[in-house]
Structures are given as structure tokens and as C-alpha cells.
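So the chains spell out like this:
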Amino acid sequence: MQMIVAISIVKPISWVLSFIPAYGMRAAGDVKFSMIVSTLTMWLCRVALCIYLCRVWGFGPMAVWIGMFADWTIRAIIFSTRFLSGKWCEKSIV
């Protein structure tokens, strides 16, 4: 039940802001930035945090979701900042 409540609260906010702007920027040609950020946040948040929470704190399956929530939140902040700055407009599709 805890996971369902957490997913219902976090996913509509963080997931949308972490993926929709990235899809738009990729379509506009800003692929390299989006790929680097996505890869780094996945390994540093999702994987590393999950391993840490499981091994050190003894979390169960909720550790996976906490790692995903952290990943989505950091991506949302980075991609929203990039989108609002307009730097992605400098990239062009060749």
C-alpha cells in the first residue's frame, strides 16, 4: 500500500517534468545533453541509491521506487532548467 500511495503522489509530478521536456528537446536536436543527463541520473540515483538503501538501511522493494523518484526529480529539475533557459533552441537538426 505504501508503494501505491507514493507512486500516486510522485509520478504525476516528477515523471511528467522529467520526460516530456526531454522528449521535446530530443526532437529539436538536443540529443546529446538529454542522453548524458538521463544516463548519469539513472546510474547515480536509480542504481546507486537503490543499492545503498538495500544494503545499508535494509530497505526492500521500496528502495527501488525511492531511487526512481530521486532520478525523476533530479531529471525534472535539470530538464526544466534547460528547457526554460532556451539553450536547447541553439541545437539544430541537420
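Scope of this entry: the structure provided in the associated data block. (Residues numbered from 1 in each chain as written. Predicted model: local features only at pLDDT ≥ 70, side-chain atom pairs only at ≥ 80, totals over all residues. Heavy atoms only, no water.)

1. Here we look at the overall build of the protein chain
So, point 1. Helix and strand counts for the protein chain come out as 3 helices and 0 strands.
So, point 2. Taken from N to C terminus, the helices and strands of the protein chain fall in the order α-α-α.
So, point 3. For the protein chain, the C-alpha atoms occupy an extent of roughly 50 × 25 × 20 Å along the three principal directions.
So, point 4. Across the 94 residues of the protein chain, 30% fall into the buried class.
So, point 5. For the protein chain, long-range pairs separated by at least 24 residues make up 73% of all intrachain contacts whose partners lie at least 6 apart in sequence. (Helix = DSSP H or I, 4+ residues; strand = E, 2+ residues; numbered from the N terminus. Buried < 20%, exposed > 50% of the residue type's maximum accessible area, 1.4 Å probe, protein only. Contact = heavy atoms within 4.5 Å.)

2. Brief notes about the side chain of Arg-75
So, point 1. Along the chain, Arg-75 turns up in helix H3 (residues 62–85).
So, point 2. Within the structure, Arg-75 has its side chain in polar contact with the side chain of Thr-41 (distance 3.0 Å).
So, point 3. Ignoring any residue separated from it by four or fewer positions in sequence, one finds Arg-75 in contact with Ser-18, Phe-19, Ser-38, Thr-41, Met-42 and Ser-80. (Polar contact = N/O pair within 3.5 Å; in protein donor to acceptor, adjacent residues only side chain to side chain.)

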